[in-house]
Amino acid sequence: MRMERILREKRVVVCCGSGGVGKTTTAAALALRAAVDGRRTLVLTIDPAKRLANALGFDEFRHEEQLVSADLMRRAGLEPKAELRAMMLDVGGTFDAIIDRYAPSPEVRDRILQNKLYRNLSATLAGSQEYMAMEKLYDRVGEGEYDLIVLDTPPTRNALDFLDAPRRMVDFLDESVLKWFLIPYVAAGKMGLNLLRRGGEVILRTLERITGSEFIRDISDFFQAFEGMYEGFRDRAAHVVNLLEDPGTIFLLVTSPTAVAIDEAVYFYQKLREYNFAFSTFIVNRVHPSPYGDAIALDPVEAVLREKLQEEAPPAVVESLLASGRALHTLAMRDRAGLARLREAVVEEEVDYRLVPALNEDVHDLQGLAQIGGAIMREQSATSAIPPLL
Amino acid sequence: MAQALAAAGARVLVVEPNAPHRLPGLLGAAAPPPEGQGQVAPGIWGLFLDPEIAMAAYLRSQVRVRAIAERMVRSKIYQRFVAAAPGLKELIVLGKVMMVYRGRHQVAGVGGFDQVILDAPATGHGVQLLRVPRLTLDTFGESPLTREARRVQEMLQAESTFVDVVTLAEEMPVNEALELEKTTRDLLDFQVGSLIVNGLCPPIGEAAAAWDPGELRADPRIAGAHYAATWCDARRRMQQQHLRRARAATRAPLECLPFVFSADEREVVAHLAAQLRATGASRREAC
């Protein structure tokens, strides 16, 4: 499916990619584009560096939806037909809100929220950030306030954490396993306890020796407080999975053309296929155009340039032109190799590739974001001053 | 950095705490050494960790009866426990570094390294890794694990340990790097070594950017070369602006590395190593 249709028809766009490839910027650019074109849009980020704030004109990011000023958009030369909102997730806060929702009483809620293990766990459980991103997404989709939600995700080093997050949460709250942690501390004499004890005691005793009894007690307290809440959590995790598999949801992969980033993008792409999530597009950021078009060998081009410029420009200028041309051409060739590697690894023919040129200035305002959006949409005006990409 | 130190005669160990492990390739080795550790280049050894495997190995070292250890590693209780215990795997990874640091662990039969370099994850995850020892001390009661955490914390706070912050001269990365520097020093209480600004464009486009090609622009090669010069020049100006900002805000020595125009990663590493070596081990202001 082409980008134009995605922004027009989909309800959820999930932007994945490794760190430092411009993923957050891309998510913001797509969201801005959709809002300008008339879809009420929310961009959700879990990026801990709070990068989006500057670009969207906020002094700081808050953990609530913030409206991007329509005036600011107009000053940037844009005519928004719908509102754009942005929000950064507060992972701990989101987890707390879920506990609040599912706890059967204020006492149970407080017991969990004050548990030492819980306080550390909510921020560090593998995939918890990722899971919370999807939880928030699920909430917002359910509320139906937006035509489109663009989700920015953590770097791909955690690809599995991200895609596995709902399943891990279900696994983590598997009562048949959690019972083991309760054994040393629940009242004796319950039916089946002896049987359970025989199986898990050695393991628990060993863990206790390594970590201290205090921690096993904390973990036991925590899981006991959770009793009765498992079902709610599990149902919700299942809904989150459904949302990711929904036909209204699509995954995009953002990358740069360097070898490292391409390898990570291919890895994530293969995982998306394994999980059967709908994937449409690679957005390749920071692609360098070659100053000499399709010329592969530089020496003949440089020889001609030297001859032509000999009497037209001072020697320092000639050397500067040649050195700059060589530098940019080298980068363009490196990028070309990276893109070839990407295309080779991708088996589906209908996958779309959108190239965004390497700009020589930061994207730190709405104009910059709009320019990125224009390049993704292949609008010539966005890149008219730049030699054509590969 | 490892190559620069090794070229000066040091024995260096580089630790990559997570897969994919890129260091062997960058230094010219065909593949990571067997069992995740070994020499990867002259003077450079690598320890390539997988947190899951490191955690299981730690458990085996703590449980005398091998059969019980194996049963534990396979058990669901253990797996859930590792998932629940905050930062446990990260602690074990840092523990490995600490063992080498204290001379209690050899890498492929080699010990006594002059310098150990840990290639930490990017900002947010990196901070999470470095705060794990303190988190462990807050979470667990007195136990072998907290004793391990205390030793790791001592290593991180030792006089000879530094956290180098590496960034690009762009708006967002500089913001992030300055925040990381502050967190490292003020919140984590570790020493910041240098703020290293990587990928700086040399002034190659300056002379040509100011030159007007006039009618010569009709030649696409001249127009292309002129575009390249203005691109390089504008990029350099933008970078210099952020470099100035970094210089004004940082309390650490600033070190600059050039952008290396090469498609060959090994060539890039060699070039940067030569540059780092030229700036010297004293890590003084270099740009």
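Quick caveat, the model's predicted, so the values are computed rather than measured.

Colleague: Where do I start with the packing of aromatic side chains in this structure?
Modeller: How two aromatic rings sit relative to each other is set out by the distance from centre to centre and by the angle between their planes. All names here are of chain A. Inspection of the entire model under this criterion finds eight aromatic pairs over all chains. For the pair Y269 and F279, a centre-to-centre distance of 5.5 Å together with 65° between the ring planes defines the contact as edge-to-face. Taken together, the positions of Y269 in helix 14 (residues 259-274) and F279 in strand 7 (residues 279-287) put the pair 10 residues apart, joining distant regions of the chain. Relative accessible area serves as the criterion here: at 14%, F279 is assigned to the buried category. Consider the rings of Y269 and F282, whose centres lie 5.6 Å apart with planes at 50°: the pair is tilted.

Colleague: Would you take a moment to explain the confidence of the model for chain A for this structure?
Modeller: Confidence in the prediction of chain A, expressed as mean pLDDT, is 81, and 80% of residues score 70 or more. Taken as a whole, residues 185-196 of chain A scores under 50 in pLDDT and shows 14 contacts with residues more than four places along the chain or in a different chain.

Colleague: What is the right way to read the pattern of salt bridges from this model?
Modeller: Two side chains carrying opposite charge are able to pair once their charged atoms lie near each other. Residue and element names in this part refer to chain A. Going through the model one piece at a time under the given rule, you end up with 35 salt bridges over all chains. The closest approach of N and O atoms between R354 and D352, which form a salt bridge, is 3.0 Å. Each member of the pair, R354 together with D352, is buried.

Colleague: Help me out: how do you make sense of the interface of chain B and chain A in this one?
Modeller: Accessible area lost upon the coming together of the parts serves often as the stated size of an interface. Contacts between chain B and chain A engage 68 residues on the former and 75 residues on the latter. Interface area, chain B with chain A, both sides summed: about 5,900 Å², of which 68% is carbon and sulfur. Where chain B packs against chain A, one counts one salt bridge. For D219 of chain B, the salt bridge goes to K308 of chain A, with nearest N and O atoms at 2.7 Å. At the surface where chain B touches chain A, the tally comes to six residue pairs in polar contact (both at pLDDT 80 or more). When residues in the side of chain B that touches chain A are grouped by element, the largest group, 16 residues, is from helix 12 (residues 220-249) of chain B. The residue makeup of the side of chain B that touches chain A, split by class, is 37 nonpolar, 17 polar and 14 charged.

About the thresholds
For every chain, the first residue of the written sequence is number 1, and numbering continues from 1 along that sequence. Both sets of labels track the order of writing: A upward for chains, 1 upward for ligands. Totals for whole chains, interfaces and linings use every residue, but because this is a predicted model, local features are given only for residues with pLDDT of at least 70 and side-chain atom pairs only at 80 or more, for both listing and counting. With hydrogens and water set aside, each side-chain value is computed from the structure's full complement of heavy atoms. Under the pairing criterion, centres of Phe, Tyr and Trp rings, with the six-membered ring standing for Trp, must be within 6.5 Å; the plane angle then separates stacked pairs below 30 degrees from edge-to-face pairs above 60, leaving the rest tilted. Only runs of H or I of at least four residues qualify as helices and only runs of E of at least two qualify as strands under DSSP, and these elements are numbered from the N terminus. Only protein chains enter the accessibility calculation, which uses a 1.4 Å probe; a residue whose area is less than 20% of its type maximum is buried, one above 50% is exposed, and one in between is partly exposed. The pLDDT score gives, residue by residue, the confidence of the prediction method on a 0 to 100 scale. Contact criterion: two residues are considered in contact whenever any of their non-hydrogen atoms come within 4.5 Å of each other. Salt bridge, as used here, is a side-chain nitrogen of Lys or Arg placed within 4 Å of a carboxyl oxygen of Asp or Glu. A simple way to read buried area is as the amount of 1.4 Å-probe accessible surface that goes missing from two parts once joined, with both sides added. Any pair of N or O atoms that falls within 3.5 Å is considered a polar contact. Within protein, one atom must be able to donate a hydrogen and the other to accept it, and sequence-neighbouring residues count only if both atoms are side-chain atoms. Gly is placed with the polar residues, together with every amino acid not listed as nonpolar (Ala, Val, Leu, Ile, Met, Phe, Trp, Tyr, Cys and Pro) or charged (Asp, Glu, Lys and Arg).

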